[in-house]
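A structural walkthrough
These are the residues of each chain, in order.
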Amino acid sequence: MWYLELLLPLLLLLKDVSAQWNVWMPRDISAMTNSCVVIPCTFMYPSNIKPYRGVHGIWYFGQPYPQFFPPVVYKSRTDIVNESYKGRTKLMGDLNQRNCTLRISSLGAEHSGRYYFRVDLGGANIFTYPDFSELKVLDQPTIDIPEEIVIDESLELTCYAPDNCPDMSPEISWLYADYLPDPEYNSGYVEEGNTAVLSSTLTFTPKPVHNGLLLGCRVHFPNTSFVYERLISLDIKYPPRSVWVNVSQEVMEGSSVMLYCEVDSNPPPRVSWMFGDQELIWDTASNVSLHLDAVDIPKEGVYTCVADNGYGTMNSSMYLAVKYPPREPWVNASVTVQEGSTVFLQCSTQGNPPPTLTWLKDGVLVGTITAEEVSVLELTEVTPQGDGTYRCLAENEHGRASSSLNVTVEFAPILLEESKCTVVREGVQCVCVASGNPEPIIEFQLPDLNITINDTESRFNYYTHSDGYTATGMIKLREKANSGGNGAGAINVHCHISNMYGSETVRLELQQEKKYMMAVVIGTIGGVAVIAFIIAAVRYVGRNNKKENGNPGQDLVSKLENPSMFYSAVKKDKQNLRKKVLKTELLGSKFSSILEETSTGDDGEYQPVGSVAHLEKQELNYAALEFIGGRPREGASAQGDDGSDYTEIKAK
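Quick look at the structure, then. (Residues numbered from 1 in each chain as written. Predicted model: local features only at pLDDT ≥ 70, side-chain atom pairs only at ≥ 80, totals over all residues. Heavy atoms only, no water.)

Some remarks on the sheet that holds strand β14 (residues 171–175)
Using the following cut-off: Here the rule is simple: two strands pair whenever DSSP picks up at least two bridges between them. Helix and strand labels come from DSSP, where a helix needs a run of H or I of at least four residues and a strand needs a run of E of at least two; each type is numbered from the N terminus. Inter-axis angles, ranging from 0 to 180 degrees, are taken between N-to-C directions of lines fitted to C-alpha atoms, where helices are fitted over the stretch in contact.
With antiparallel pairing, the 3 strands of this open sheet are ordered in space as β14-β17-β18. Two strands in the sheet have a free side with no partner beyond their single neighbour: β14 and β18 (227–233). For this sheet, the mean inter-axis angle between neighbouring strands, taken without regard to orientation, is 20°.

In structure tokens, the structure reads:
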């Protein structure tokens, strides 16, 4: 027997030991349930004691003192034992040879505990040894697991099965080891304290993927149905190997956002959210979320999740972009420049996404549309047309904003084409229109008369008006004689315009003269038509008088010789005649009015002479009459004193 082989060296050693009460047995021994166990035991007693009627022994369970009535496991004198040990115990050694080895079969969990041996040599020589052997009845094998399993470090797992039953020997196998990378197996015996333990060692290099993996050790006794298994979950320590955060995202200004961070590590790390050098939040967990309320522009930037579990550190970052409409653009102050110079207009703004910048002048696009934060509009060789309001418009998909500035262009006066002289009924009207900045000063010059007109004179109507950069001056020469003699063709009027940047003098051309002559011709034709009408009326009246008086010829001759008598005859129909004559005269006035400028203003501003309104009030009309064969009145010459060829006809 293997246990006897273990006891032999010990027995030889004990021969030399001085005689005393002593016992040897394994302090700890184990066995699987339903199997058996053999507890090796050797005892000693003083050599001067001679056993009386042989040597007897008793095994107790739990405690060594009989007075406390411990359960009897085995008793050599009788078969009286505790109920739980009936038929299960057997003394394997020879008490006379001081061998107290005990076998216990069909072990159960209730058999775990301390076992004491008591020797009975007869008479008063009875002694209970204080030493004991503690039995552990196992229902599963033992797996030796290192206190800490670290990634990429070689790991050894050992499974133990007690082999203290001579009738059966265990076999060990590993469960679920097929998932391990290149596993290695080693089997052996561990003998300690005269007890035997079968071992099997599994060696492999763990990876993070093996964390939480189930491994098992199986113990089987051949030729029996006894199978014992134990499963373990691998707790593999590894540093953070992945830190997952939101992808970079965009949010509208004023909204809320949640940032997520999830870490793969063992043990769980200390996770912190960082914004720059500022730690916003931290926790020891596998995932930590950061909630941001009312996001504004200062919160835009890089957010970093940092994980540290003592085995390593890892971090991951994301960019939070804050979207917002363009801010009110900044533009330089309004400027005043001289014609021909170069001006730079600057505009800058902020927005996300970056806004486009557009320059508008008086609502019209100028320059190019840029997609940069700063836009510079260059105005080269500025002309008067460059004067106006320039607006910088910033736009993106979330809104728009704009700012304006004024560019004022100063330039020398320019005479406009509306400047001219026009013949009107009562004389000549001259208009001078000039544009300039500062506002030009307008003066009229009459070189023939050596007169400069810049204020109202008795002979001239002078009028000025300003509208922005445009100044208008106008005069009316009340008498045609002022225009340079008989007829309007000799008119000589100059317009002088000036400001701080220059001056110019231009002679005003007489325009619309043909229209005036046409009006004279039409007026003459109208006068002839009136005369013809009067003659027809006289004839009609003469015929009527002839019928009434019987001597029409005499009356007609007398009337023709005396114009006043003719007037009396016509007086009866003066209302009809007056209407016809006025209609004809107004027709002539209409043609004259066409020649006048519509921009001359009200009568009260420059008081025109001979206006249509004034003519409509006149009741004095003229017609050229020629009396053939008529005699002049007494005291009157054949021609008027003033050389006029006109005869006066009064109508009241």
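A word on the state of the cysteines
Put plainly, two cysteines are in a disulfide when a covalent bond ties their sulfur atoms together. This is how the line gets drawn: Cysteine sulfurs are considered disulfide-paired once they come within 2.5 Å of each other. Per-residue accessibility, obtained with a 1.4 Å probe over protein chains only, is compared with the maximum for each type, and a residue is labelled buried under 20%, exposed over 50%, and partly exposed between these values.
A complete count under the given rule lists 7 disulfides for this structure. In this model, C261 is linked to C305 through a disulfide, with the two sulfur atoms separated by 1.8 Å. Its torsion about the S-S bond being -75°, the disulfide of C261 and C305 is classed as left-handed. Of the two residues, C261 is situated in strand β21 (residues 257–266) and C305 in strand β25 (residues 301–308); the sequence distance between them amounts to 44 residues. When sorted by exposure, C261 lands in the same class as C305, which is buried. Between the sulfur of C432 and that of C495 lies a disulfide, 1.7 Å long from S to S. With the S-S bond torsion at -65°, the cross-link from C432 to C495 turns out left-handed. Pair noted here: C432 is in strand β36 (residues 427–437) and C495 is in strand β41 (residues 494–499), with a separation of 63 residues, a long-range link. On the basis of relative accessible area, C432 is assigned to the buried category, the value being 0%. Of the residues examined, C495 reaches a relative accessible area of 1% and is grouped as buried.

Side note on the nonpolar core
Applicable threshold: To form a nonpolar core, buried Ala, Val, Leu, Ile, Met, Phe, Trp, Tyr and Cys residues must be joined to one another through side-chain atoms within 4.5 Å. Contact definition: two residues touch when any of their heavy atoms are within 4.5 Å.
In terms of nonpolar packing, the biggest core is built from 30 residues, with L157, W174, F204, L215 and L234 touching the most fellow members. Of all the elements in the fold, those that place two or more residues in this core are β12 (149–150), β13 (155–162), β14, β16 (195–204), β17 (214–220), β18 and β19 (236–245). With 4 residues, the top contributor of residues to this core is β13. What L157 contacts, discounting residues up to four positions off in sequence, is D144, I145, P146, W174, S200, T201, L202, F204, L215, I232 and L234. Membership of the second largest hydrophobic core comes to 29 residues, among which are I39, C41, L95 and V137.

Some points on a nonpolar patch on the surface
This is how the line gets drawn: Patches here: salt-bridge-free residues with over 30% relative accessible area, like charges joined within 9 Å, nonpolar side chains (Val, Leu, Ile, Met, Phe, Trp, Tyr) joined within 5 Å. Reported accessibility uses the Shrake-Rupley method at a 1.4 Å probe radius. Residues are deemed covered only where the shown protein chains occlude them. By definition, a salt bridge exists where a carboxyl oxygen of Asp or Glu is found within 4 Å of a side-chain nitrogen of Lys or Arg.
A surface patch of nonpolar side chains, amounting to about 450 Å² of accessible area, comprises Y176, Y179, L214 and L231. Here Y179 lies in the loop between β14 and β15 (184–192).

Nothing here speaks to function; it is geometry throughout.
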